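As a plain string of letters, each chain reads:
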Amino acid sequence: MKNVGIIAEYNPLHSGHIYHMTNSLPEEHNVIVAMSGNFTERGDIAVANKYNRAKFAVENGADLVVEIPTAAVLSCAEHFAKAGVKVLTMLGGVDFLSFGSECGDLETLKTVANSMADIDIDVKKYLSEGLPYPSAFSKAYVEKISTGKVQDAVSTENTSRYDNELADITAETLKELLQKPNNILGIEYIRALKDSNIEPITLKRIGQGYNSEEISSDKYTSAQAIRNSLYTKDVEAYLQKDILEHIRSVDIDNDLIVKLLKYDLLVHNKDISEINNVSEGIDNRIRDTLSLCKSGYGEFLSSVKTKRYTMARIKRILLSILLDIKKSVLHSIDSLDYITVLAVKRDRLHLLKDAKVKLVTKYKDYAATSHVFKEIDLKANSLYNVVSSDSIDSHSMIIID
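Rules and cut-offs
- Along each chain, numbering runs from 1 in the same order as the chain's sequence is written.
- In view of the model being predicted, local features appear only for residues whose pLDDT reaches at least 70, and side-chain atom pairs are presented and counted only at 80 or more, with totals across whole chains, interfaces and linings using the full set of residues.
- Side-chain numbers come from the whole structure's heavy atoms, not from hydrogens or water.
- Secondary structure elements are taken from DSSP: a helix is a run of H or I of four residues or more, a strand is a run of E of two residues or more, and numbering for both begins at the N terminus.
- Exposure classes here rest on a 1.4 Å probe applied to the protein chains alone. A residue is buried below 20% of its type maximum, exposed above 50%, and partly exposed in between.
- Accessible surface is estimated by sampling points in the Shrake-Rupley manner with a 1.4 Å probe; for residues, cover comes only from the protein chains shown.
- Any two of the Phe, Tyr and Trp rings considered here, Trp counted by its six-membered ring, make a pair once their centres fall within 6.5 Å; the pair's planes then place it as stacked at under 30 degrees, edge-to-face at over 60, or tilted in between.
- Each axis is a line fitted through C-alpha atoms, taken for helices only over the stretch in contact, and angles between the N-to-C directions span 0 to 180 degrees.
- We call two directions roughly parallel when the angle between them is under 35 degrees, roughly antiparallel when it is over 145, roughly perpendicular when it lies between 65 and 115, and oblique otherwise.
- Here, residues are in contact when the closest pair of their heavy atoms is within 4.5 Å.
- Amino acid classes used here: Ala, Val, Leu, Ile, Met, Phe, Trp, Tyr, Cys and Pro are nonpolar; Asp, Glu, Lys and Arg are charged; the rest, including Gly, are polar.
- The arc refers to the directions leading from the helix axis to the C-beta atoms.
- Note on terminology: a nonpolar core comprises buried Ala, Val, Leu, Ile, Met, Phe, Trp, Tyr and Cys residues joined through side-chain atoms within 4.5 Å.

(A) Local environment of the overall build of the chain. Secondary structure assignment for the chain yields 17 helices and eight strands. Taking all 401 residues of the chain together, the buried fraction comes to 55%. In the structure as shown, the chain presents an accessible area of about 17500 Å², 48% of it carried by carbon and sulfur atoms.

See the structure below:
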């Protein structure tokens, strides 16, 4: 039986996610999920702790769920994708990586991904100028095409083939493709898979877009829209009853983030210049806004946000401050030497036997690694217990019969 990997957040797990797990291959297959932990790539506090979200996934189609390290989750799409692929590769035995995309055309996404050898420097340049990641990505890529500097990342022999294929994609079409979040993630997945034996496959995203904020009449809706409508009857068509009941019972106190930041930055005057995603100007803006802030988290975010920073980036920065995630630690993705196992079906425990690194299935297993990500993951568990009522009482993987 083939093993299909999925990189996900399941915040919360909804009908679209279950469709993805079920339909990644036409034949029966095992589903192995690399999932973000207690915080998400948007910089949100997850609607349920990582063990409970993993349990829901295994009860509804996944066979095994493992964790993507928090440091990579609270970063850009490139690091999120790279860490997700790294975890799946270290598990061994994963045949495919399946992802949803607005494009739905794997060959087009491969063409773009395989011609990006010299784009990274320009992406970083535009990010430093304040562009959000999708815009920086799109601008850098379209600029390369317009100046004829796009190179094939695989081999010189293939350069002309990719150049010819790219010539058939208009700049406008390409720009639109690169503005879609799942397309961008898909391209990053393909790039991260370059030296892996895992093959990419994509399903065309159907229903609402990733950033849609309101429930519509579509068969499948976005997780964002669900989170915004958790206490209305509209969401009941998209969530399993037990999942909805659980996340409705969870109390998340976002306002505590502001209080914790005040303690770190105003009381202890913590230096955040080396914190991931922090660039010139945002440091002082955060401190100044905190010193004047007498409101809650939402208003604080609105006061800090500028055109240079997306809301998601601001939220990632704030959590990175509290978890002390420095820019330098993102270089440690390649040296990751452990995998935290969250949940698994009892009759699929054999999926863990090919792992090439230490498996963390209980708290004491962390002693086997000194990797820089470990302390950040443990801090993330503690922070989640402070801001959410869905406490992590045990660090043991969940086995589902």
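After that view, the rundown keeps rolling.
(B) Broad picture of the packing of aromatic side chains. Under the counting rule described, the total for this entry stands at five aromatic pairs. Residues Phe-39 and Tyr-384 carry aromatic rings whose centres are separated by 6.1 Å and whose planes lie at 75 degrees to one another, so their mutual orientation is edge-to-face. Note that Phe-39 is positioned in the loop between β2 (29-36) and α2 (50-59) and Tyr-384 in helix α17 (residues 372-387), a separation of 345 residues in sequence. Here Phe-39 matches Tyr-384 in class, with each residue buried. Where Tyr-338 meets Tyr-366, the ring centres are 6.2 Å apart and the plane angle is 70 degrees; that geometry is what we call edge-to-face. Here Tyr-338 is found in strand β6 (residues 338-345), whereas its partner Tyr-366 is found in the loop between β7 (358-360) and α17, with 28 residues between them in sequence. Summarising the burial analysis for this pair, Tyr-338 and Tyr-366 share the class buried. Ring pairs connect the aromatic residues Tyr-338, Tyr-363 and Tyr-366, which therefore count as one cluster.

(C) Layout of the packing of helix α16 (residues 311-323) against α17. Packing of α16 against α17 leaves a shortest axis separation of 10 Å and a crossing angle of 105 degrees. As judged from the angle between their axes, α16 and α17 are roughly perpendicular. Between α16, through Leu-319, Leu-322 and Leu-323, and α17, the contact on the second element is made entirely by Ile-376, Lys-379, Ala-380 and Leu-383. In the contact of α16 with α17, the residues fall into six nonpolar, no polar and one charged.

(D) Representation of helix α6 (residues 120-128) in the model. Considered for burial, the residues of α6 that qualify are Asp-122, Val-123 and Tyr-126. What you see down the axis of α6 is that its buried residues fit within an arc of 105 degrees, all on one side.

(E) Structural view of unusual backbone geometry. Each neighbour pair has its own omega, and for Asn-11 with Pro-12 the value is 5 degrees, a cis peptide bond. Note that Pro-12 resides in the loop between β1 (2-8) and α1 (15-23). Phi at Asn-277 takes a positive value of approximately 75 degrees, unusual for a residue other than glycine. Take Asn-277: it is sitting in the loop between α13 (255-267) and α14 (282-292). The phi dihedral of Asp-324 is positive, around 55 degrees, even though this residue is not glycine. Overall, the relative accessible area of 26% leaves Asp-324 in the partly exposed class.

(F) Fine view of the nonpolar core. Within the largest apolar cluster, 92 residues are counted, with the highest numbers of intra-cluster contacts made by Ile-7, Leu-64, Ile-187, Ile-286, Phe-300, Leu-318 and Ile-321. Per element, the largest residue contribution to this core is nine residues, and it comes from helix α4 (residues 77-91). Those residues in contact with Ile-187 that lie beyond four places of it in its chain are Leu-109, Val-112, Ala-113, Met-116, Phe-137, Leu-177 and Leu-178. Core analysis: the next-biggest nonpolar cluster, separate from the first, contains 24 residues, Tyr-51, Phe-56, Ala-57 and Ile-400 among them.

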